[in-house]
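# Fold and geometry: a report
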Amino acid sequence: MTLRFLWWIRYGKRFAKKSGLDEEELRHKFPFVVFSHSVPLYRNLSETDSLLQEGKVANLRLATKKISGAVVEPGKVFSYWKLLGNPTGARGFKKGMMLENGRPVARTGGGLCALSNLVYWMTLHTNLRVVERWRHSYDVFPDSNRTQPFGSGATCVYNYRDLMVLNSTKNAYVLLVWIDGEKLCGEWRTDVPVGDSYEVYQKEHWITSEIGNVYVRHNRIFRKHFVDGQFDGEELVAENHAKMMYEPLLAQESK
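Residues numbered from 1 in each chain as written. Predicted model: local features only at pLDDT ≥ 70, side-chain atom pairs only at ≥ 80, totals over all residues. Heavy atoms only, no water.

Scanning the chain from terminus to terminus reveals six helices and 14 strands. Rg of the C-alpha trace for the chain: 18 Å, near the compact-globule value of 18 Å for 255 residues, within the 12% margin. If you line up the chain on its principal axes, its C-alpha atoms span 50 × 50 × 40 Å. Across the 255 residues of the chain, 45% fall into the buried class. In the chain, once contacts between residues fewer than 6 apart in sequence are set aside, the share between residues at least 24 apart is 69%. (Helix = DSSP H or I, 4+ residues; strand = E, 2+ residues; numbered from the N terminus. Rg over C-alpha atoms; globule rule 2.2 N^0.38 Å. Buried < 20%, exposed > 50% of the residue type's maximum accessible area, 1.4 Å probe, protein only. Contact = heavy atoms within 4.5 Å.)

Let us now look at the pairing of strand β10 (residues 173-180). Buried residues dominate β10, accounting for six of its eight residues. Bridge count between strand β3 (residues 70-72) and β10: three bridges; the pairing is antiparallel. The residue of β10 that forms the bridge with V71 is V174. In this sheet, strand β11 (residues 183-190) lies alongside β10 in antiparallel orientation, the contact comprising eight bridges. Looking at β11, one finds that V177 is bridged to G186. (Pairing = 2+ DSSP bridges.)

Counting 45 residues, the largest nonpolar core has I67, F78, Y80, L115 and L184 as the members making the most contacts within it. Here this core takes seven residues from helix α5 (residues 113-123), the largest share from any one element. With near-sequence residues (within four places) excluded, L184 lies in contact with H37, S38, V39, L41, L60, T64, A114, L115, L118, W178 and I179. (Core = buried A, V, L, I, M, F, W, Y, C linked by side-chain atoms within 4.5 Å.)

A side chain of one charge can pair with a side chain of the opposite charge when the charged atoms of the two come close. Inspection of every chain in the model, using the stated rule, returns nine salt bridges. Between E204 and R220 there is a salt bridge; the shortest N-O distance is 2.4 Å. One end of the pair, E204, is in strand β12 (residues 196-210); the other, R220, is in strand β13 (residues 214-227), and 16 residues separate them in sequence. Owing to a relative accessible area of 30%, E204 belongs among the partly exposed residues under this scheme. Within this structure, E23, R27, E187 and R189 form a network of salt bridges that share partners. (Salt bridge = Lys/Arg side-chain N within 4 Å of Asp/Glu carboxyl O.)

Next comes the structure, spelled out in structure tokens:
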């Protein structure tokens, strides 16, 4: 943790900062949407877990205000934790749902992985480059109603497990994130049209049986690159290995 702070201080000028403009002004200045996405805020869990989700949503409302409007100039790096800061109770964060050893528990600042998951997924559909991402260690939910491939998120733990994105392009990007009803929404925007587009998908997937009746799910996430609609190659972007917290048969039935 200390090393991360020292690194932030030493290379502070390299990191993206929030713009002083409001959302309407940013949309006008960056009129081109590169990629947008939204995810549900709530899951159908037990009553106890539902109470924790209210804290999670409160934390996400606060966190979106902290990072929305971050402008990533060419050569700059977006750091999730540098912009967001330590999610402590003193800063207004509540106890929300956080996964610990694959189980939901109450922790201050719980639920913020939903935001890092969203930012990571959107970034994979742009020509920004992810330079730090940590995969989830547990696969908690079966594939029922899953709209993204397993393992397409990014876990975050302050401040040693960060999500960092480098802008190695010639164009400035802005990140906008917000809550609309029961959805967490976001988009990457630029000030000039971008001809690049991406298709992100799971190409390989397998499940292994480990000692102690433990099942581990594996996959590899790839993406296809298109320039002005023309195929321009394929690349591996992530490899995932996660302990399954449900029976493998559920994963098969949900497909």
